[in-house]
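Letter by letter, the chains look like this.
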Amino acid sequence: MNPTPSLIVAIPLICATAAFSLGLLFCLYRIAHAPGVSDRILALDTMVINVIALIVLYGMWLGSQVYFEASILIAMVGFVSTVAYCRFALRGDIIE
Amino acid sequence: MTLFLDIVAGAALIVASIFGLVGSYGLVRLPDAMQRLHAPTKATTLGVGGVLIASMVYYYRQEGTLSFHELMITAFLILTAPVTANFIAKAHMHRNIPPEDLPPTGTDRGWASFDDPPAISERTPGEPRDPI
């Protein structure tokens, strides 16, 4: 395993992790207080995007390439689940 | 050279964190549902793109080889973000706008979310199949 990144990368890494974690909290707030279903779907989709960023940042911090497969999988699952949820809100059924 | 690559990776991370934070804050801050659709689908996707560029540069500095996993994730996210945005906008219009207020579709059929799809026998030859 590689050593922890040098300071010139470590400080932006911490900043980015803090920013995306804060974004995750904003999404949680939007899921709890939303005027409609479509806002909740949007907040879930944004949460998936934030989580992908956090996983990539964690992989950079550890200096490991293993986490890219996890983020690709989460991106695909997030897209499919968003589309399925929208289909359900549109037609009341996912596969007609 | 390593210092230069470090600075590039750090700058990309800072820009990405600003974009990601703006996108998620816009989700909370903007007043209308259709306006809220803009912030996450554009700004947050760009933020993730910045993070992936930073990680590409960083691994090039560590390993000396360029990895293309990140480009795959970026391409996938940029391809899927408009699709999800379109779906969410359609679901919002379907649930919140009454059918008589919707703009005309420009064809003899109504909106796909309200009308039934035409039967196969009613289709004119050569007409493309309806999207599912």
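Residues numbered from 1 in each chain as written. Chains lettered and ligands numbered in written order. Predicted model: local features only at pLDDT ≥ 70, side-chain atom pairs only at ≥ 80, totals over all residues. Heavy atoms only, no water.

Asker: I tried to follow the UniProt feature "transmembrane region" (unreviewed entry) in chain B on my own but got confused; where do I start?
Answerer: Residues and elements named next belong to chain B. Residues given the UniProt feature "transmembrane region" (unreviewed entry) here are residues 6-28, 40-59 and 71-89. Here residues 40-59 runs as 100% helix and 0% strand, with 27 Å between its end C-alpha atoms. Taken as a whole, residues 71-89 contains 100% helix and 0% strand, while its terminal C-alpha atoms sit 27 Å from one another. (UniProt positions renumbered as here; feature names shortened; annotations may be inferred. Helix = DSSP H or I, 4+ residues; strand = E, 2+ residues; numbered from the N terminus.)

Asker: I keep staring at the UniProt feature "transmembrane region" (unreviewed entry) in chain A and nothing clicks. Help me out?
Answerer: All names here are of chain A. Per the UniProt annotation, the sites labelled "transmembrane region" (unreviewed entry) are residues 6-29, 41-61 and 67-90. In residues 6-29, helix accounts for 96% and strand for 0%; the two terminal C-alpha atoms are 35 Å from one another. The span residues 67-90 is 100% helix and 0% strand, and its two end C-alpha atoms sit 34 Å from each other.

Asker: What should I look at first to understand helix α4 (residues 69-96) of chain B in this one?
Answerer: The α-helix winds at 3.6 residues per turn, so residues separated by three or four positions along the chain end up facing the same way. Under the 1.5 Å per step criterion, the end-to-end length of α4(B) is 40 Å for 28 residues, consistent within 8% with the ideal 40 Å. Of all the bends in α4(B), the greatest, near 25°, is centred on B:T80, and the proline B:P82 appears no more than four residues after it. (Expected span 1.5 Å × (residues − 1). Bend = angle between axes of the 7 residues up to and from the residue.)

Asker: Is there a simple way to think about the environment of A:A43 in this case?
Answerer: Mapped onto the elements, A:A43 comes out in helix α2 (residues 37-62). Sequence separation of A:A43 and A:A89 is 46 residues, and the distance between their C-alpha atoms is 15 Å. Those residues in contact with A:A43 that sit more than four places away from it in its chain are A:C27, A:R30, A:I31 and B:L27. (Contact = heavy atoms within 4.5 Å.)

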